[in-house]
Amino acid sequence: MKALTILQPGPLCTVQDRGRPGYASIGVGHSGAADRHSHDAANRLVGNNSDAATLEVTFGGLTLRAEFDALVAVNGAHVTCRIDGTEHGLHSTLTLRAGQELELSAPTTGLRSYLAVRGGIDAPVVLGSRSTDTMSGLGPAALSPGTVLTVGNNSAAWPAADFAPPPSLRDTLRITFGPRENWFTERARSLLLEQPWTVTQDSDRVGIRLNGSEPLRRIRDSELSSEGMVLGALQVPPSGQPVLFLADHPVTGGYPVIAVVTAADVSAAAQLTPGTQIRFRAIG
């Protein structure tokens, strides 16, 4: 049987693909890989189509066993990858023989790793996606010891990429102001760019809570009608400390969004670890 058996999932291991777009009108978010850049790169290394499902491993700790001869690749956070105790390189194609065990350590940099297997993880499809949405509960459950994952046939013709560069770990994220920047003081708009922001422990696939020495103050104190939220939105609750929305963000929200992180930099944001300091730079 073409399958992988999860022996240890680590703190959080989920099945992810490129998400389920088009369902926001019925309250279903996009979800999908938090770091889409690393997810796509891992798939390229094993010759998969870009929408093939991978394993998203948060803070390492994954151990799995191959039940067949598999081609795999690991991209994303900088972890140590071992096959039957022997260290192997990241960002390249690896052969995992039937019965062999692959283990990922906790990362030294970054947060999320992506393990692709040629053919893709063949989890049940829900609304066009195999992704686990941790907020809505759609998709397969987070993986646990003993879970057996079948492998599908969602691969393309060779040749695949021989090497994929590691993800860009940035401490400056690009933003565009709006749509509600006029709800904030001029000083708040300046502070967003001038002061560093610390990633807090209260962060997950839904969003990253940030903490700055001076909160962002509003001009308007009235309530905002609930409106649509997008990936990368910087929503500012009454505390004045912004929240950066990631893959499993809600489709609507009632707090004003001062700015939106560019799509290209959301993948970099998904690799931020608690305690990291970042800055924002406005473009456009």
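Just above, that's the structure.
Residues numbered from 1 in each chain as written. Predicted model: local features only at pLDDT ≥ 70, side-chain atom pairs only at ≥ 80, totals over all residues. Heavy atoms only, no water.

Student: Could you clarify how one ought to interpret helix 1 (residues 36-45) in this entry?
Tutor: One full turn of an α-helix is made of 3.6 residues, so residues set three or four places apart face in the same direction. Burial runs high along helix 1: seven of the ten residues are buried. Looking at helix 1, one finds that the buried residues are Ser-38, His-39, Asp-40, Ala-41, Ala-42, Asn-43 and Leu-45. Its buried side turned inward, helix 1 meets strand 2 (12-16), strand 3 (54-58), strand 5 (70-78), strand 8 (93-96) and strand 10 (109-117). For helix 1, the N-terminal cap is Asp-35; the gap from its side-chain oxygen to the backbone nitrogen of His-37 is 3.2 Å. (Buried < 20%, exposed > 50% of the residue type's maximum accessible area, 1.4 Å probe, protein only. Helix = DSSP H or I, 4+ residues; strand = E, 2+ residues; numbered from the N terminus. Contact = heavy atoms within 4.5 Å. Polar contact = N/O pair within 3.5 Å; in protein donor to acceptor, adjacent residues only side chain to side chain.)

Student: Would you mind going over the environment of Arg-189 with me for this structure?
Tutor: Its location among the elements puts Arg-189 in helix 2 (residues 186-194). Residue classification places Arg-189 among the partly exposed residues on the basis of a relative accessible area of 26%. Sequence separation between Arg-189 and Phe-177 is twelve residues; the distance between their C-alpha atoms is 8.7 Å. Leaving out residues up to four positions away in the same chain, Arg-189 has contacts with Phe-177, Glu-181, Asn-182, Phe-184 and Ile-258. From its side chain, Arg-189 meets the backbone oxygen of Phe-184 in a polar contact 2.7 Å long.

Student: Would you mind going over the sheet that holds strand 14 (residues 207-211) with me for this structure?
Tutor: Backbone-to-backbone hydrogen bonds join strands into a sheet, with any given pair of strands oriented parallel or antiparallel. Judged by pairing direction, the barrel is mixed, and its seven strands sit side by side in the order 12-19-16-17-14-13-20 before closing back on the first. When strand polarity is set aside, the average angle formed by the axes of neighbouring strands in this sheet is 40°. Along the sheet, helix 2 makes contact with strand 12 (172-177), strand 13 (197-203), strand 16 (233-235), strand 19 (257-261) and strand 20 (277-282), crossing strand 20 at roughly 120°. (Pairing = 2+ DSSP bridges. Axes fitted to C-alpha atoms, helices over the stretch in contact; angles between N-to-C directions.)

Student: So what exactly am I meant to see when it comes to unusual backbone geometry here?
Tutor: Note: most residues except glycine have negative phi, and most peptide bonds are trans. Here Gly-178 and Pro-179 are connected by a cis peptide whose omega angle stands at 10°. Mapped onto the fold, Pro-179 is located in the loop between strand 12 and helix 2. A positive phi angle is found at Asp-84, which is not glycine, with a value near 50°. Judged by its relative accessible area of 48%, Asp-84 is partly exposed. Phi is positive for His-91, close to 60°, though the residue is something other than glycine. The exposure class of His-91 is buried, given its relative accessible area of 8%.

Student: Help me understand the side chain of Ser-131, please; the structure alone is not making it clear to me.
Tutor: For Ser-131, the location among the structural elements is in the loop between strand 10 and strand 11 (148-150). Residue class for Ser-131 comes out buried when judged on its relative accessible area of 0%. Residue contacts for Ser-131: discarding those within four places in its chain leaves Val-15, Gln-16, Asp-17, Gly-19, Arg-20, Ser-31, Gly-32, Leu-138, Gly-139 and Pro-140.

Student: Hey, could you run me through the environment of Ser-155 in this one?
Tutor: Positionally, Ser-155 belongs in the loop between strand 11 and strand 12. Classification of Ser-155 as partly exposed rests on a relative accessible area of 28%. For the pair Ser-155 and Asn-182, spaced 27 residues apart in sequence, the C-alpha separation works out to 47 Å. Ser-155 has contacts with Gly-47, Asn-48, Asn-49, Arg-118 and Gly-119, leaving out every residue within four places of it along the chain.

Student: Explanation requested: the pairing of strand 8 in the structure shown.
Tutor: When a strand is regular, its side chains alternate between the sheet's two faces. On strand 8, burial follows the alternation: Leu-94 and Leu-96 on one face are buried, whereas Thr-93 and Thr-95 on the facing-out side are not. Examined bridge by bridge, strand 5 and strand 8 share four bridges and lie antiparallel to one another. Residue pairing in the sheet places Val-72 in a bridge with Leu-94 of strand 8.

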